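# Descriptive analysis of the structure
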Amino acid sequence: MGALNPLALLLLALAIPIIVLYMLRLRRREVVVSSRMLWTRILQDKQANAPWQRLQRNLLLVLQLILLALLVFALARPFVEVATAARGNIIVLLDSSASMQATDVPPNRFAAAKQQISDIIDSMGAGDRITLISVASSSRVLANAAEDKAALHAALSNATVSNGSTNMADGLRLAASVARQAQDSTVVIVSDGAVGDLSKLPPVQATVRYIPVGGSNGSDNNQAITALAVRDGPNGPEALVSIANFASINASGILTVSVDGQLWASKQLQLAPGQRSSVTVDQLPRTAQIVTARIVTKDNLAADDIAYALHTNAKPSKALLISDGNLFIEKSMSLLPNIQLDKVKPADFHSADGYDLVIYDSGVPVFPANINTSLLIFNPAPSITPPNPNGEAEAKAAAAFNVKSRLDFPQVGAVQVNDPIMRYVDLSTVQISTARKMLLPDWAKPLVLDRDGNPLIFAGNLEGRRIGVFTFDLHNSTLPLLVAYPVLVSNLVGYLTASQNAGADLPPSLNPGEPISVPLQPDANRVTLTRPDGSSVDLPFGGSQAVYADTDASGVYSVQQFGSNGALGQPTLYSVNLFDEQESNIKPQPTLSIAGQPASAASGATSEREFWPLIITVALLLAIVEWWIYFRGRRLPRLGRSTPAA
Amino acid sequence: MDHTLWDEAFLHKIEQLSLVSKRRRMGRLAGERRSPKRGSSVEFADYRNYTAGDDLRQLDWNIYARLEKLFVKLFEEEEDLTVHVLLDASRSMDWDGLTAAQAIGGSGAPVLHTGGKFRYARRVAAAFGYIALSSLDRVWLGAMHGNAVHRLGPLRGRNHALGMLHFLEKLRAEGDTDLSAALRSYLVRQRQPGLCYVISDMLSPGGSLDGLRALQSAGYEVNLIHVLDPAEVNPLLALSGDLRLRDVETGEEEEVSIDPSTVGIYEEKYKVWQQAIASFCLQRSIPYILATTDLPFEDLILHYLRRRGMLA
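Here the residue index of a chain counts from 1 through its sequence in written order. For this description, chains carry letters from A and ligands carry numbers from 1, given in the order in which they are written. Whole-chain, interface and lining totals are the exception, using all residues; otherwise, since this is a predicted model, local features are given only for residues with pLDDT of at least 70 and side-chain atom pairs are given and counted only at 80 or more. To obtain the side-chain values, all non-hydrogen atoms of the structure were included, while hydrogens and water were left out.

### Details of the overall build of chain B
- When you go through chain B residue by residue, the secondary structure sums to 10 helices and 10 strands.
- The cut-offs for exposure are 20% and 50% of the maximum accessible area for each residue type, with area from a 1.4 Å probe on protein chains only; residues under the lower value are buried, those over the upper are exposed, and the others partly exposed. The buried share of chain B, taken over its 312 residues, is 51%.
- Here chain B has roughly 14700 Å² of accessible surface; of this, 50% comes from carbon and sulfur atoms. In this text, helices come from DSSP runs of H or I with a minimum length of four residues, and strands from runs of E with a minimum of two, each type numbered from the N-terminal end. Residue-level accessible areas treat just the shown protein chains as cover; the underlying method is Shrake-Rupley with a 1.4 Å probe.

Okay, here's the thing in structure tokens:
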């Protein structure tokens, strides 16, 4: 308790003129009456009630003095010390991730967190500044070093909870950069603690406080679909659903799998605490496009109870193998479910029409210039020429193919493990006896290089055609004997035939907030995206791809490209799912450790909260009462007055 | 003539009242009234035994012939009625609520705009006097200042009406009335008892009931007309706020804050006081009427005419 402007209390001296005026006013007016006789006895009677009468007589004076005292008190700007999260330059990180949607604290954690921040804003003292940052998969500054409480409240009310995961490290880096701008910075994290590992962050140059949000008992009750995949099996597509119970109690519920909006299967679920379970639903229709899995349980978080997966009902790609006979290639191709392989002798080959993929076996020299399909080339013959060698770039490409020197026993060096083609491919034990020495064409990306940087396997996109090259004969290596071989062939063929099966080379599922990038077809001039809720947007695009970033809502996004002659092919589908165990594990964390330092929960800081509006309100009410009393001629009920005798 | 006191409407009204009263008396002889005294008129009243020294002319010889006993015939004595109109002319009578209200900056309730008690009392006195003069009664007017009485009379006949009005007009309310003392002093000098109207506000510190009692003992037929200002019945009509009240007669002062509570007490006290006067009059068979100045004076006069059988 204190006053920001104590000098104003000197105004209490105004009470003196009020009392003087009142005394002047109280000087009785003299009036003549016909007889004092009847009045005399009245005064004698009134003596009995003198104290109350005096008070009543002076009630207006007392009210006016109280009114003055209240007004002066308000002018002195009194305040009370209230505990507050921080003082000075405050940076508030609001966790807006999916786990904040948990309803263990009504209405949900996010609203509770907003209430916490609202309290912080309310307890701001003079000179305090708040920077408000919403942290989900990306961080967003809602208010920057604002002192205006109304603006902060408005910014806070604009914050929305996302379906994505928390990238608290990113948010902390942003907060640290804001904190460096001032001396007395405090970073306040309002979160449920599902923020991942923050131990590798550099220390934040500020006091870090953590305000945990979330209920206590049973608040970790959540069951989630942690993965959903659809693959082609021998009896049609199969859906593989991974379910986890993050609760500390037994959970039961129902799993339903829908195909293109039609309910296909449902299963009863019984999950022990912490149990993970996989459910396979097979014999889905071959025409399935969108598979939706949903669990119906009584849990606190609904965002992870539904998952979407896509299934490409591609017609089998036709591949042509130009070879004198290569068992390795034929065997690996026959394992691929969507490849229909034809074989032709090099001498009999004359046209590639009707094929999606042409495979040149080792040493096949003929390379017709008019081939317009994807190519897979093993150990290209020195005489081979790349398609359409017209133009400077093409000539360089041709030069790459014409390098005649030889690599003996190249050792596998750099492997592009992050490329989708190399996914699950382990080439560390491969041995190659001899390979062709080639230059890497500028349209190609290297997949495997030897230790000297010569390409061993590369792939690329040449004017819309996809070309993959092995610079060695399979017979000259141990590759066909490795587990990695069929996987590599499968990935590579999938890449090469992707122009027919659009989207096949995309990640199987996007996280909420992760941008969709759409590879454009050469003559596309309009790209339309349909969101899960049915609304459509036209995507701006430039270069070879269009990007759409507002993928916070989980579900299936559909992209249709249009050329000058209408739609180009079928729409491409993208699924966005919250497959994040960190978010699904909604158990609130009571403490948080950042860069090895525990963030303190409570704070000893206090803030001066002014309450003059309350005083002014009381004074206004008092003024109304005073006016009313005056207006009613001071007709206050008199205590102890007997009713006049009849 | 003071036209505010005796305006044309007033004179017209008292003329009317006297006509009304006269019409009822057509069958009687003018100037004649029955008297309690036995006298020498022609109307037989009673018999009594003869005692030595009685006038032999009064003996009833017919009775003596029949009964051989001497009886004297008694006859009603006829005499003029004397009407006394006694007016309280103390300063308290000159007080009116409107002036008091204006003195403290108020406007006063509409009911106060009646001209005050003294004006009202003089008009009532004039009306009684005029009617009595019209009836050929003997009229005495008395104005009580302090413990003295300023008298006029006896007057007889309507040609004295103007003099009576002049007398009343020139009256000034002054001095403090000790009503009892004034009435006693009136009795000392007045030898002709009769009908007596006392017009007063009864606001007399020394009390006034003793005087009435004395008047009645002396054979006067006393009527009390209690004149009060409406503001004396309900002070809220004129007074408000914190006041210092000064008694118009004694000059004594009281500090009073006028509010509903004090007014409530005042009204209680007033009621006790007024009831005391009324019950005194009731016990003594004194006709009593309380007239506030907003009561039209002709209604008051008619009330009395009716009471005395002059009107149906």
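### A short note on the overall build of chain A
- For chain A, the helix and strand inventory stands at 12 helices and 36 strands.
- Split into buried and exposed, the 646 residues of chain A put 48% on the buried side.
- The contact definition used throughout considers only heavy atoms, calling two residues in contact when any of these lie within 4.5 Å. Taking the intrachain contacts of chain A between residues at least 6 apart in sequence as the baseline, contacts between residues at least 24 apart amount to 68%.
- If you sum the accessible surface of chain A, you get close to 31300 Å²; carbon and sulfur atoms cover 55% of it.

### Focus: the pairing of strand β19 (residues 374-378) of chain A
Residue and element names in this part refer to chain A.
- The buried count for β19 comes to five of five residues, which makes it a mostly enclosed element.
- Note on pairing: DSSP must find at least two bridges between two strands before they are called paired. Pairing between strand β18 (residues 357-360) and β19: four bridges, direction parallel. Paired with Ile359 across the bridge in β19 is Leu376.

### Points about the side chain of Ser477 of chain A
All names here are of chain A.
- Here Ser477 lies in the loop between β25 (465-470) and α10 (484-496).
- There is a polar contact of 3.2 Å between the side chain of Ser477 and the backbone nitrogen of Leu479.
- When sequence neighbours within four positions are dropped, the list of residues in contact with Ser477 reads Gln431, Ile432 and Phe472. For this analysis, a polar contact is any N or O atom pair within 3.5 Å, provided that within protein one partner can donate a hydrogen and the other can accept it, and provided that sequence-adjacent residues contribute only side-chain to side-chain pairs.

### Some words on helix α7 (residues 209-217) of chain B
Residue and element names in this part refer to chain B.
- Within α7 the residues assigned to the buried category are Gly211, Leu212, Ala214 and Leu215. For α7, the buried positions fall inside an angular range of 160 degrees around the axis, keeping them on one side.
- Buried residues belonging to α7 abut β3 (82-88), α6 (179-189), β6 (195-200), β7 (221-228) and α9 (260-283).
- Directly beyond the C-terminal end of α7, a positive phi value near 95 degrees is found at Gly219. Within this analysis, the arc is defined by the directions that extend from the helix axis to the C-beta atoms.

### Some thoughts on a nonpolar patch on the surface
- Patch membership requires over 30% relative accessible area and the absence of a salt bridge. Like charges are linked within 9 Å, and nonpolar side chains (Val, Leu, Ile, Met, Phe, Trp, Tyr) within 5 Å. A pair is scored as a salt bridge if a Lys or Arg side-chain nitrogen falls within 4 Å of a carboxyl oxygen belonging to Asp or Glu. Together, Ile16, Val20, Leu21 and Leu24 of chain A make up an exposed nonpolar region whose accessible area comes to about 400 Å².
- Note that Ile16 of chain A resides in helix α1 (residues 15-26).

### Looking at the confidence of the model for chain B
All names here are of chain B.
- Chain-level statistics for chain B give a pLDDT mean of 81 and a share of 88% at 70 or above.
- For residues 24-32, every residue scores under 50 in pLDDT, and the model assigns this stretch 11 contacts once sequence neighbours within four places are set aside.
- The complex prediction reports pTM at 0.47, with the ipTM value standing at 0.73. The quantity called pLDDT is the predictor's confidence in a given residue, expressed from 0 to 100.

### Some thoughts on the pattern of salt bridges
- Counted according to the given criterion, the structure contains 17 salt bridges over all chains.
- With its nearest N and O atoms 2.9 Å apart, the salt bridge here joins Asp201 of chain B to Lys117 of chain B. Taken together, the positions of Asp201 of chain B in the loop between β6 and α7 and Lys117 of chain B in helix α4 (residues 117-134) put the pair 84 residues apart, joining distant regions of the chain. For the pair formed by Asp201 of chain B and Lys117 of chain B, the shared burial category is buried.
- Members of the salt-bridge network, linked through shared partners, are Asp104, Arg109 and Asp192 of chain A.

### Details of the side chain of Gln561 of chain A
- Looking at the element boundaries, Gln561 of chain A is found in strand β31 (residues 555-563).
- What Gln561 of chain A contacts, discounting residues up to four positions off in sequence, is Val518, Pro519, Leu520, Gln521, Ala524, Arg526, Val527, Gly566, Ala567 and Leu568 of chain A.

### Description of unusual backbone geometry
- One non-glycine residue, Phe409 of chain A, lies in positive phi territory at about 45 degrees.
- Considering the arrangement of structural elements, one finds Phe409 of chain A in the loop between β20 (406-408) and β21 (412-415).
- For Ser285 of chain B, which is not glycine, the phi dihedral falls at a positive 55 degrees.
- When you line up the elements, Ser285 of chain B lands in the loop between α9 and β10 (288-292).

### So, the packing of aromatic side chains
- Pairing of aromatic side chains here covers Phe, Tyr and the six-membered ring of Trp, requires ring centres within 6.5 Å, and sorts the geometry by plane angle: under 30 degrees stacked, over 60 edge-to-face, intermediate tilted. Scanning all chains against the criterion turns up nine aromatic pairs over all chains.
- Taken together, a centroid distance of 6.3 Å and an interplanar angle of 50 degrees make the contact between Tyr548 of chain A and Tyr557 of chain A tilted. This pair shows no difference in class: Tyr548 of chain A is buried, exactly as Tyr557 of chain A is.
- Both rings, one in Tyr270 of chain B and one in Trp273 of chain B, keep their centres 6.1 Å apart while their planes meet at 50 degrees; by these two values the pair is tilted. With Tyr270 of chain B and Trp273 of chain B both in helix α9, this residue pair falls three residues apart, about one helical turn.
- Take Tyr270 of chain B: its relative accessible area is 8%, and that puts it in the buried class.

### Looking at the sheet that holds strand β17 (residues 339-344) of chain A
Residues and elements named next belong to chain A.
- Across the sheet, eight strands lie side by side as β17-β16-β18-β19-β25-β24-β23-β21; this open sheet has mixed pairing. Both outer strands of the open sheet, β17 and β21, are each paired with one neighbouring strand and no more. Averaged over all neighbouring strand pairs, the angle between strand axes comes to 15 degrees, with direction disregarded.
- For helices, the fitted line uses only the C-alpha atoms of the stretch in contact; every axis is such a line through C-alpha atoms, and the angle between N-to-C directions lies from 0 to 180 degrees. Most of the contacts of helix α8 (residues 327-334) go to β17, to which it runs at about 155 degrees, and overall it touches β16 (317-322), β17, β18 and β19.
- Here α10 sits on the sheet and contacts β17, β18, β19, β23 (444-450), β24 (455-462) and β25; the angle it forms with β25, its principal contact strand, is near 155 degrees.

### Some details on the pairing of β25 of chain A
Residues and elements named next belong to chain A.
- Among the six residues that make up β25, six are buried, leaving the element largely enclosed by the rest of the structure.
- Taking every second residue as pointing to the same face, both faces of β25 are buried, with Arg465, Ile467 and Val469 on one and Arg466, Gly468 and Phe470 on the other.
- Two strands pair when backbone bridges link them, and β19 and β25 are joined in this way by four bridges, in the parallel orientation. The residue of β25 that forms the bridge with Leu375 is Ile467.
- Inspection of the sheet shows β24 paired to β25 by six bridges, in the antiparallel sense. Note that in β25 the partner of Ala459 across the bridge is Gly468.

### Quick notes on the sheet that holds strand β4 (residues 138-145) of chain B
Residue and element names in this part refer to chain B.
- The strand order β5-β4-β3-β6-β7-β10 describes an open sheet built from six strands, whose pairing is mixed. The two strands at the open ends of the sheet, each matched to only one other strand, are β5 (148-155) and β10. Between one strand axis and the next, the sheet turns by 15 degrees as a mean value, whatever way the strands run.
- In this structure, β4 lies alongside β5, joined through six bridges in antiparallel fashion. Looking at β5, one finds that Val139 is bridged to Leu155.

### Describing the environment of Gly543 of chain A
All names here are of chain A.
- Structurally, Gly543 is set in the loop between β29 (541-542) and β30 (545-548).
- Exposure remark for Gly543: the relative accessible area of 74% places this residue in the exposed category.
- Residues Gly543 and Leu520, 23 residues apart in the sequence, show an inter-C-alpha distance of 8.3 Å.

### Concerning the confidence of the model for chain A
All names here are of chain A.
- When pLDDT is averaged across chain A, the result is 79; 85% of the residues are at 70 or more.
- With pLDDT under 50 throughout, residues 500-506 is counted as low confidence; its partners more than four residues away or in other chains account for 10 contacts.
- Confidence drops under a pLDDT of 50 for residues 634-646, and excluding neighbours within four residues, the segment shows 21 contacts in the predicted structure.

### What about the environment of Ala302 of chain A?
- In this fold, Ala302 of chain A is placed in the loop between β14 (290-296) and β15 (306-310).
- Sequence-wise, Ala302 of chain A and Ser584 of chain A are 282 residues apart; in three dimensions their C-alpha atoms are separated by 9.7 Å.

### Quick word on the environment of Leu136 of chain B
Residues and elements named next belong to chain B.
- Take Leu136: it is sitting in the loop between α4 and β4.
- Among the residues examined, Leu136 registers a relative accessible area of 36% and is labelled partly exposed.
- Remark: the alpha-carbon pair of Leu136 and Leu81, spanning 55 residues in sequence, is separated by 8.5 Å.

### Looking at the packing of helix α4 (residues 59-75) of chain A against helix α12 (residues 612-631) of chain A
Residues and elements named next belong to chain A.
- For the pair α4 and α12, interaxial distance at closest approach is 9 Å and the crossing angle is 160 degrees. With respect to each other, α4 and α12 are oriented roughly antiparallel. The interaxial crossing formed by α4 with α12 has left-handed handedness. For the pair α4 and α12, the contacting residues are Leu59, Leu60, Leu63, Gln64, Ile66, Leu67, Leu70, Leu71, Phe73 and Ala74 in the first and Trp612, Ile615, Ile616, Val618, Ala619, Leu622, Ala623, Val625, Glu626, Ile629 and Tyr630 in the second.
- Taken together, the residues of the contact of α4 with α12 break down into 19 nonpolar, one polar and one charged. Between 65 and 115 degrees an angle is taken as roughly perpendicular, under 35 as roughly parallel, over 145 as roughly antiparallel, and anywhere else as oblique. Crossing chirality is assigned from the near helix's rotation relative to the far helix, an anticlockwise turn below a right angle marking it left-handed and a clockwise turn marking it right-handed. When residues are grouped by polarity, Ala, Val, Leu, Ile, Met, Phe, Trp, Tyr, Cys and Pro land in nonpolar, Asp, Glu, Lys and Arg in charged, and all others, Gly among them, in polar.

### Comments concerning the packing of helix α5 (residues 109-122) of chain A against helix α6 (residues 149-158) of chain A
All names here are of chain A.
- In contact at an axis separation of 10 Å, α5 and α6 are set at 170 degrees when each is read in the N-to-C sense. Classified by the angle their axes make, α5 and α6 are roughly antiparallel. For the pair α5 and α6, the contacting residues are Lys114, Ile117, Ser118, Ile121 and Asp122 in the first and Lys149, Leu152, His153, Leu156 and Ser157 in the second.
- When its residues are assigned to classes, the contact of α5 with α6 shows four nonpolar, three polar and three charged.

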